[in-house]
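Notes for the structure review
The lines below spell out each chain.
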Amino acid sequence: MISISNLTKTVRSGTEDLTILSDVSLEIPDGQFVALTGASGSGKSTLLGLLAGLDSPSSGSITIDGDEITTMSEDGLATLRSSKIGFIFQSFHLIPSLTAYENVLIPMEIAGARDAHERAKELLDEVGLANRGHHYPTELSGGEQQRVAIARAFANRPKILLADEPTGNLDSKNGRHIFELMTALHQGNNVTLVLVTHDQELAAKAERQIILKDGKVIADNSGQ
Amino acid sequence: MNFILNLTAREIRSSWRRLVFFFLCIALGVGSVVALRSLIQNLTAAVGTDARALLTADLEIGSNSDFSPTDLQKIQAAVDASGIADGRNEAITTSSMARPTDPANERVRLVELKGVEPPFPLVGEFILDDGKPFDHRLLENNGALVARILLEELGVKVGDKLKIAEGEFEIRGSFDNEPGGSSGFRLGARVFVQKSAFDDAGITRNSSRVRRRILYRTTDNPTELVRRLREELRGSTITVQSYRETQERLGEQFTRTENYLALAGLLILVLGGVGVWNVSRAFVEQKRKTVAVLKCLGASGGRILSVYVLQILTLGLIGSLFGILLAQLGMFGVRSGFSEQLPENMSYAVTLSTGFQGAVLGVLVSLLFSGLPLMQIRNIKPRLLLRDENNVSIRRLDLKKWLIGALILASLLGLAVWQAGSLLVGAFFLGGLAVTSLVLYLAAVVLTKLVRALRPSRSFSLRQAINSLHRPGNQTRIILLAVGLGAFVVFTVQSLQSNLIREFDFSRNQRLPTLFFIDVQKSQIDGLVDTIKARTGEEPETTPTVRARIAYVNGKPIDYSQTETRQMQGQIGREFAVTYRPGLDINEKVVAGEWWRPEAADVPEVSIQDRMANTLKVVPGDSMTFDISGRLVTVRVANIRQIDLRNTRTAFVFVFKPGVLEDAPQSYAATILSRIGATDRQRLQSDVVTAYPNVQVFDVADIVATVTELVENFVLAITFVGGFVILSGILILIGSVALTKSHRIYENAVLKTLGAERHSLGAILMLEYGLLGLLAGVIGSVFAVALSFAVSYFLLDIEWEFDAVRTLAGIGITTLIVMLVGTAASFDVIFKKPLSILRSQ
């Protein structure tokens, strides 16, 4: 269960303070597929980043499975991400100096997993890149890179998958493939999936849609 | 741990091309330190610091005059009382002229003659060229053993006869290495004869440079005996030394030389460290996103830092090992280029200890100089992946960074002290380097600001080139500092070299003699003058010389028991050749007191050279007493003279007023100025020595050639080391070019899109690096001129001249090198297609 309580995020932009999120409160039960939508600058990506502990809020709290992550140290957050959270970025953010196989391997090596090599092969196979594992990211297409990123995100069997515009840099055909892959993995592993997207068609497929505007939740069809 | 090791290996695999300059910088520095240290250590081993063997005894008692019966009694009494002497012999050395007895062979050579008696040597061995050990019977009945080189110089062989002074000696053997080695500078090759032959051949009769030695072998530590002897012989000019003091002194000298040379290597390594710092800085910048991703995936800051520290350590070690290999290649180079000037038994292998030391140094420098850049990894936040913060960061006091910085500085000081072998020298080295770097850096800042004034130029390429020097993330100051420092070192050395060479360019001294004749007796001088006139047409200048020692200064004897005075014993306790004349020589001027008037004064007077006056601490009006052939003569110091040694025939430390020494035992020195050819000089020397065997002839051209060669070799060695400094600077330049390449590619893509043609882009490139080279050259030259002036004037006390041509050439060459290297390293960016580049941004 993810609990967000009175979350606010303010950043300094030049000489002014900019409020990106304003007093957001939410609860996301385990295994739910949530779409976060809203116009550019509405705070969706920031909210996602805060959920992953990639950033810290100006005020408010986030609790994941009873642990308040907003008071954790950087290393504590890193351990949390290693064990519980998978993240997929719009720009893939694969490590360019590692092959596809090594990119998938890395989270498991960080966690010290014993079956890292077998699992990396399995994951690449699941995303259809079993024979591309030895290629570097620059040698892969956008869609292939995102598939590697998905395999990487699932490497440590996370309970929560956060995806920030995963199809944003892809053509429609690739984008659909990626979405199907993610949702299949989500269902197969009973993972809580929080997806930030501009694409209304994709958002409609989620169990729950939360709309943000100017840093506030203006719609939430969960009934909450 | 797997994660750290695996990721380190993968990172090295992918980044090694970008980091190759990292380990080249380290390799160059380590190679320099290892090569220089190994060279000195091997030279030390070859020459030997076995002081007993060098002294050929445990204890040596020396004098420049005969030992008086009283002195001999005192010596014997002290030695007998100690009970530790178990071997004794005496030796006598002087220089003399040697020539073949074959009248068809007119060659003549000055030789360093040594008369020995059995048992010889007391310590060490003496093996001749035929492989047999020395046997004293070879010297009996006027036998001689000669240095191998003399056989070549005189065109003789074993079995031939030589005339030395009034004696004839048969060459019974030759040798390459003599007991005691060939320490010190010698004017002639060594010849061994029997000690008793010296008197028989009249060698010492009229010779002015004779040294007598009594040598002892002891069964125990002779330190106490040395102390007793010095006490007994206080007030005399007899020197006493033991092998232990010699050992300590030699050991200290070699260690000091090794450490000073190692500092030169450390300078190159520190420059390499600057390159490492530069590369690390940019590397961390390029790895920002990777680090953010790793943190996003769950890696802690500490583990990520471990990966990159391990990477640096690995590359540092590889670089160091490569540096050791370079050092070995360098040693082979020294062997092929200089083996003739170095001892035959010298090894050219890198020593194990220096190799290990080099590896440790290389790894430490890598770590120290990459430490601060790597610390930035802590500040990279994973939120970077969500929004690009570039380099904006909140400026707050980073205590850890300051602590690490202080630790790095302290470690660098530790390295410098370790290499220098002295806290003071190490601190001066680091301090000097820091000040020099700071000054050069500030000069770079000022100059780049001044260059901006050229921006309103009509030339688009020039305007862009100047802009490029100031683009965000530019490496301008680093390149200027690194290349400027290299240029500064090389130009300083070159400037000092030209001033030193000019100082020793005796051809500029029109009054420097071609030939110098000494020990000419009164009865011989007229005949000698006639002989010289007949051969050269020149009437030689003749100068009377009297042998004198300082007995008292202001009525007090010189106390050689004081350490400071004993250290100057060689300068003030020796026998001086003094002269007398009515007037000043044209190369002299009075700096204190007054020159004497022709009419006699109440008290005899003397004029003293300024340096000796400083050493003795005398001023005009003081009195000095001289021992002249056993008679004490007290004189008043009339004046102090300065001699221009660059324009002189003779230079006398003491010149007496006429009326004091005319009746004293004296000989004459004669000099000729005519520039005559080598063959004619040989013939003249042969004629003179045949007629007057006691006369010694110094061929000044030979001496000048030897000294000039020594100076040139010395300067060559320094320039060679300086060249490595420049090479380090060039490596940093290449590394910096590589680091800014992506900016340049992007800029060129935009310029091409806006219509710039390739030749314009090429011109911008060449102008940018040309400007950098010009600025670096100017910075290096200006400071080099200042430093070489300071060193020449204050330290070396030699004339300094500004060589405009050499300075401009230096600036030109630096400009050209930087322009060529920078352009060559960046030229390919002109040919890249713009679209793919713009889309990838």
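Residues numbered from 1 in each chain as written. Chains lettered and ligands numbered in written order. Predicted model: local features only at pLDDT ≥ 70, side-chain atom pairs only at ≥ 80, totals over all residues. Heavy atoms only, no water.

**Quick notes on the overall build of chain A**
So the rule is basically this: Helix and strand assignments follow DSSP, with helices taken as H or I runs no shorter than four residues and strands as E runs no shorter than two, numbered in order from the N terminus. As a reference, a globule follows 2.2 Å times the number of residues to the power 0.38, and the radius of gyration itself is taken over C-alpha atoms. We call two residues contacting when some pair of their heavy atoms lies within 4.5 Å.
Helix and strand counts for chain A come out as seven helices and 10 strands. For 224 residues, the compact-globule estimate of 2.2 N^0.38 gives 17 Å, and chain A sits close to it at 17 Å. Projected onto the principal axes, the alpha-carbon positions of chain A cover approximately 45 × 40 × 35 Å. In chain A, 70% of the contacts between residues at least 6 apart in sequence involve partners at least 24 apart.

**Details of the nonpolar core**
Within soluble globular proteins, side chains that are nonpolar tend to cluster in buried spots. Worth spelling out the cut-off: To form a nonpolar core, buried Ala, Val, Leu, Ile, Met, Phe, Trp, Tyr and Cys residues must be joined to one another through side-chain atoms within 4.5 Å. Buried residues are those whose accessible area, probed at 1.4 Å on protein chains only, stays under 20% of the maximum for their type, while exposed residues exceed 50% and partly exposed ones sit between those limits.
Ranked by size, the top nonpolar core spans 140 residues in total, and within it Leu 162 of chain A together with Phe 3 and Phe 22 of chain B carry the most contacts. Among the elements that line this core, the one with the most residues is helix α1 (residues 2–47) of chain B, at 16 residues. If we ignore the near neighbours within four places in the chain, the residues touching Phe 22 of chain B are Val 276, Val 279, Ser 280, Ile 312, Leu 315, Gly 316 and Ser 366 of chain B. Formed by 38 residues, the second largest nonpolar core is a distinct cluster that contains Ala 100, Ala 120, Ile 150 and Leu 202 of chain A.

**Focus on the sheet that holds strand β7 (residues 160–164) of chain A**
Residues and elements named next belong to chain A. Basically, it comes down to this: Two strands pair if DSSP finds at least two bridges between them. Angular values range over 0 to 180 degrees, each being the angle between N-to-C directions of two axes fitted as lines to C-alpha atoms, with helices fitted over their stretch in contact.
Reading across the sheet, the six strands line up as β6-β7-β8-β3-β9-β10 and stay open at both edges, with mixed pairing between neighbours. One side of each edge strand has no neighbouring strand; the edge strands of this open sheet are β6 (85–88) and β10 (216–220). When strand polarity is set aside, the average angle formed by the axes of neighbouring strands in this sheet is 20°. In this structure, strand β3 (residues 33–38) lies alongside strand β8 (residues 192–196), joined through four bridges in parallel fashion. Pairing of Phe 33 across the sheet is with Leu 193, part of β8. Across the sheet, helix α2 (residues 74–84) touches β6 and β7, and the angle it forms with β6 is around 85°.

**A closer look at the interface of chain B and chain A**
Note the cut-off: For any pair of parts, buried area is found by adding up, for both, the accessible area (1.4 Å probe) each one loses once the two are put together. Each reported salt bridge corresponds to a side-chain nitrogen of Lys or Arg within 4 Å of a carboxyl oxygen of Asp or Glu. The term polar contact refers here to a pair of N or O atoms within 3.5 Å; inside protein, the definition further demands a hydrogen-donor-capable atom paired with an acceptor-capable atom, and it admits residues adjacent in sequence only when both atoms are side-chain atoms. Residue classes follow a fixed rule: Ala, Val, Leu, Ile, Met, Phe, Trp, Tyr, Cys and Pro count as nonpolar, while Asp, Glu, Lys and Arg count as charged, and any other residue, Gly among them, counts as polar.
Counting residues at the interface gives 26 residues for chain B and 29 residues for chain A. When chain B packs against chain A, close to 2400 Å² is buried across both sides, 59% of that on carbon and sulfur atoms. Area buried by chain B at its contact with chain A is led by Arg 10, Leu 297 and Leu 386 of chain B, which between them contribute 26% of it. Here Glu 109 of chain A ties to Arg 10 of chain B by a salt bridge, and the two come within 2.8 Å at their closest N and O atoms. Joining chain B to chain A, the criterion identifies 13 residue pairs in polar contact (both at pLDDT 80 or more). Counting residues per element, the side of chain B that touches chain A draws most heavily on α1 of chain B, which supplies seven residues. Split by residue class, the side of chain B that touches chain A holds 10 nonpolar, six polar and 10 charged.

**Considering the pattern of salt bridges**
All names here are of chain B. Summed over all chains, the structure comprises 38 salt bridges over all chains. The salt bridge involving Glu 153 is made with Arg 109; its shortest N-O contact spans 3.5 Å. Here Glu 153, found in helix α4 (residues 148–154), pairs with Arg 109, found in strand β3 (residues 109–116); they are 44 residues apart in sequence, far enough to count as distant. Using a relative accessible area of 24% as the deciding quantity, one classes Arg 109 as partly exposed. The partner of Glu 605 in a salt bridge is Arg 636, and the shortest N-O contact between them spans 2.5 Å. Here Arg 636 lies in strand β17 (residues 631–643) and Glu 605 lies in strand β15 (residues 605–609), a separation of 31 residues in the sequence.

**Points about the environment of Ile 518 of chain B**
Looking at the element boundaries, Ile 518 of chain B is found in strand β10 (residues 515–521). A C-alpha to C-alpha distance of 9.6 Å links Ile 518 of chain B and Thr 543 of chain B, two positions 25 residues apart in sequence.

**Quick notes on the sheet that holds strand β2 (residues 16–28) of chain A**
Residue and element names in this part refer to chain A. An order of β2-β1-β4-β5 is seen for the four strands of this open sheet, with the pairing classed as antiparallel. Among the strands making up the open sheet, the edge pair consists of β2 and β5 (67–68). Here strand β1 (residues 2–13) runs beside strand β4 (residues 59–64); their pairing, made up of five bridges, is antiparallel. When the sheet's bridge partners are listed, Ser 3 is paired in β4 with Thr 63.

**So, the packing of helix α5 (residues 142–153) of chain A against helix α6 (residues 172–189) of chain A**
All names here are of chain A. We apply this condition: Working definition: roughly parallel below 35 degrees, roughly antiparallel above 145 degrees, roughly perpendicular at 65 to 115 degrees, and oblique for all remaining angles.
Relative orientation of the contacting elements α5 and α6 amounts to 10°, with a least axis distance of 10 Å. One element, α5, and the other, α6, form an angle in the roughly parallel class. Residues Gly 143, Gln 146, Arg 147 and Ile 150 of α5 form the contact with α6, whose own contacting residues are Asn 174, Ile 178, Leu 181, Met 182 and Leu 185. Counted by class, the contact of α5 with α6 contains five nonpolar, three polar and one charged residues.

**Some points on the environment of Leu 51 of chain A**
Residues and elements named next belong to chain A. Structurally, Leu 51 is set in helix α1 (residues 44–51). A residue is classified by how much of its surface remains accessible, and Leu 51, at 2% relative accessible area, is buried. When the C-alpha atoms of Leu 51 and Asn 174 are compared, they prove to be 27 Å apart, with 123 residues separating the residues in sequence. Not counting residues up to four positions away in its chain, the partners in contact with Leu 51 are Ile 2, Ile 4, Ile 62, Ile 64, Ile 69, Ile 85 and Leu 162.

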